[in-house]
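# A closer look at the structure
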Amino acid sequence: MNNTNEHAFAQFIRTIGKGKTGRRSLTLQEAQTAMQMILANKVEPLQLGAFLMVLRVKEESAEEIAGFVLACREYIHQDKPVMIQPDLDWSSYAGKKRQPPWFLLSALLLAQSGYRVFMHGASGHTPNRLYSEEVLKQLGITTATHWQQCQQQLNDHNFSFMPIKSLCKPLHDIIELRPLLGLRSPVHTLTRLLNPLNADTTLQSVFHPSYTDTHHHAAQLLMQKNAAVFKGEGGEVEYRPQADITVKGLSNGKSELYTIPRQAEAPADTAINTQTLLDLWQETKRDSHGLKAVLGTTAIALKKTNTSVFRAGI
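Residues numbered from 1 in each chain as written. Predicted model: local features only at pLDDT ≥ 70, side-chain atom pairs only at ≥ 80, totals over all residues. Heavy atoms only, no water.

### Structural notes on the sheet that holds strand β7 (residues 254-260)
- The strand order across the open sheet built from 7 strands is β3-β2-β1-β4-β5-β6-β7, with neighbouring strands paired in mixed fashion. Bordering the open sheet on either side are β3 (159-163) and β7, each of which pairs with just one other strand. Between one strand axis and the next, the sheet turns through 20° on average, direction left out of account.
- Direction of pairing for strand β1 (residues 88-92) relative to strand β2 (residues 117-121): parallel, over a ladder of 5 bridges. Bridge pairing in β2 places Asp89 opposite Phe118.
- Strand contacts of helix α13 (residues 211-221): β4 (201-206), β5 (226-231), β6 (245-251) and β7, with the helix running at about 10° to β6, the strand carrying the most contacts. (Pairing = 2+ DSSP bridges. Helix = DSSP H or I, 4+ residues; strand = E, 2+ residues; numbered from the N terminus. Axes fitted to C-alpha atoms, helices over the stretch in contact; angles between N-to-C directions. Contact = heavy atoms within 4.5 Å.)

Structure below.
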């Protein structure tokens, strides 16, 4: 590389990193172009690290997230030869460490009741957390590695999980940089809004409540029809019965805000293993907190699909 000629990507790092008074957020179009270059491997590793960490410190704007998402959707759709239409897009990237992933039972309950649920996520990037991909495999549910398999699973079982490694390998590679960088990158935010199959309804969770408005605005920019974002348990899309839950969302493109009052005391930490989920699913062992978490999460999802009843009997 000739160091006398500025690299085309340098402008984006300069825009977001030029001091407190000189910097600004990228426009939606700039963010889209920047992510297109990253996905096309037209960025030097040093530039990528600098870009990600400056964004992390600055905190990404809704316009930046939306632009990143649009570029990722373009990349993903290059390899999506089949038409697949789920009812619900469900992101799962945080992992659980204090409670079992009760939300998986909510997703399976919705699927059992006739809703087509597409879930995507990452695993292994943070130590001592249990991720959806691992749990689903232990439950005997095969994860999809290509779109034809995803389509077949949705047709047969109304549920499919695709890891980000299969969905968009470059994003997976960036997520895997966390042990090297020491921090999560903006990719952890944008993946929650990917909705690669253009489902009418999306569910997102934030760990830090301050990101709620950013997610909401980004969903508006992406012209999402129905969406819900709230602070879920451990950063996953899971209702917390022990807290007042404020849900910010979109219904037919219009903003809405509502709060679900606290339903229970804070639970003790529970063993996060597959058997705990199976016991509740098969009704062999009662878990009051787990049941409230499952039903509360399901209720939030149902409200976003603009219906108050299941399509089929449970």
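### Quick word on the side chain of Glu133
- Looking at the secondary structure, you find Glu133 in helix α7 (residues 132-138).
- Here the side chain of Glu133 touches Ser123 through a polar contact of 3.2 Å, side chain to side chain.
- With residues near it in sequence (within four places) discarded, Glu133 still touches Ser123, Thr143, Phe161 and Pro163. (Polar contact = N/O pair within 3.5 Å; in protein donor to acceptor, adjacent residues only side chain to side chain.)

### Regarding the pairing of β3
- When you tally the buried positions in β3, you get 5 out of 5 residues, the bulk of the element.
- Going residue by residue along β3, you find Phe159, Phe161 and Pro163 tucked away on one face and Ser160 and Met162 tucked away on the opposite face as well.
- Across 5 bridges, β2 lies against β3 in parallel orientation. Residue pairing across strands places Phe118 opposite Ser160, the latter belonging to β3. (Buried < 20%, exposed > 50% of the residue type's maximum accessible area, 1.4 Å probe, protein only.)

### What to know about the pattern of salt bridges
- This structure, assessed with the given rule, holds 11 salt bridges.
- We note a salt bridge from Lys304 to Glu256, for which the minimum N-O separation is 2.4 Å. With Lys304 in helix α15 (residues 288-304) and Glu256 in strand β7, this pair connects stretches of sequence that are 48 residues apart.
- Since its relative accessible area comes to 0%, Lys304 is described here as buried.
- In this structure, a network of salt bridges that share partners links the residues Lys96, Glu233 and Glu238. (Salt bridge = Lys/Arg side-chain N within 4 Å of Asp/Glu carboxyl O.)

### Remarks on unusual backbone geometry
- If you check the backbone angles, Asn41 has positive phi at about 60° while not being a glycine.
- Topologically, Asn41 is positioned in the loop between α3 (28-39) and α4 (45-58).
- Owing to a relative accessible area of 64%, Asn41 belongs among the exposed residues under this scheme.
- One non-glycine residue, Asn198, lies in positive phi territory at about 55°.

### Considerations on the nonpolar core
- Formed by 51 residues in total, the largest nonpolar core has its most connected members in Phe51, Trp147 and Leu190.
- Per-element accounting of this core gives the leading share, 8 residues, to helix α5 (residues 62-77). (Core = buried A, V, L, I, M, F, W, Y, C linked by side-chain atoms within 4.5 Å.)

### What about the environment of Glu176?
- Relative to the elements of secondary structure, Glu176 occurs in the loop between α10 (169-175) and α11 (178-181).
- Along the sequence, Glu176 and Met37 sit 139 residues apart, while their C-alpha atoms lie 19 Å from each other.

### Concerning the packing of helix α6 (residues 103-112) against helix α14 (residues 274-281)
- Viewed as axis vectors pointing N to C, α6 and α14 meet at an angle of 40°, and their least axial separation amounts to 11 Å. Looking at the two axes, α6 sits oblique to α14. The interaxial crossing formed by α6 with α14 has right-handed handedness. Residues Leu105, Leu108, Leu109 and Gln112 of α6 form the contact with α14, whose participating residues are Leu277, Leu280 and Trp281.
- Looking at the contact of α6 with α14 residue by residue, the classes come out as 6 nonpolar, 1 polar and no charged. (Parallel < 35°, antiparallel > 145°, perpendicular 65-115°, else oblique. Left-handed = near helix turned anticlockwise from the far one by under 90°. Nonpolar A, V, L, I, M, F, W, Y, C, P; charged D, E, K, R; others polar.)

### Digging into the pairing of β6
- Across the 7 residues that make up β6, a large majority, 5, are buried.
- With 3 bridges connecting them, β5 and β6 associate as antiparallel partners. For Ala228, the partnering residue across the bridge sits in β6 and is Gly249.
- Sheet analysis places β6 next to β7, joined by 7 bridges and oriented antiparallel. Within the sheet, the bridge partner assigned to Val247 lies in β7 and is Tyr258.
- Hairpin remark: β6 followed by β7, antiparallel, with 2 residues in the connecting loop; positive phi at Asn252, about 55°.

### As for α15
- With 17 residues, α15 ought to run about 24 Å at 1.5 Å a step, and its terminal C-alpha atoms sit 25 Å apart, in line with that.
- Among all positions in α15, only His289, Gly290, Ala293, Val294, Gly296, Thr297, Thr298, Ile300, Ala301, Leu302 and Lys304 are buried.
- Capping the start of α15 is the job of one residue whose side-chain oxygen sits 3.3 Å from the backbone nitrogen of His289: Asp287. (Expected span 1.5 Å × (residues − 1).)

### Brief notes about the packing of aromatic side chains
- Per the counting criterion, the structure on display carries 5 aromatic pairs.
- Seen from their ring centres, Phe9 and Phe12 are 5.5 Å apart, and the 65° between their planes marks the pair as edge-to-face.
- Of the residues examined, Phe12 reaches a relative accessible area of 4% and is grouped as buried.
- Taking the centre distance of 6.2 Å and the plane angle of 75° together, the rings of Phe51 and Phe68 count as edge-to-face. Placement of the pair is Phe51 in helix α4 and Phe68 in helix α5, with a sequence separation of 17 residues. You'll find Phe51 and Phe68 in the same group, each marked buried. (Phe/Tyr/Trp six-rings, centres within 6.5 Å; stacked < 30°, edge-to-face > 60°.)

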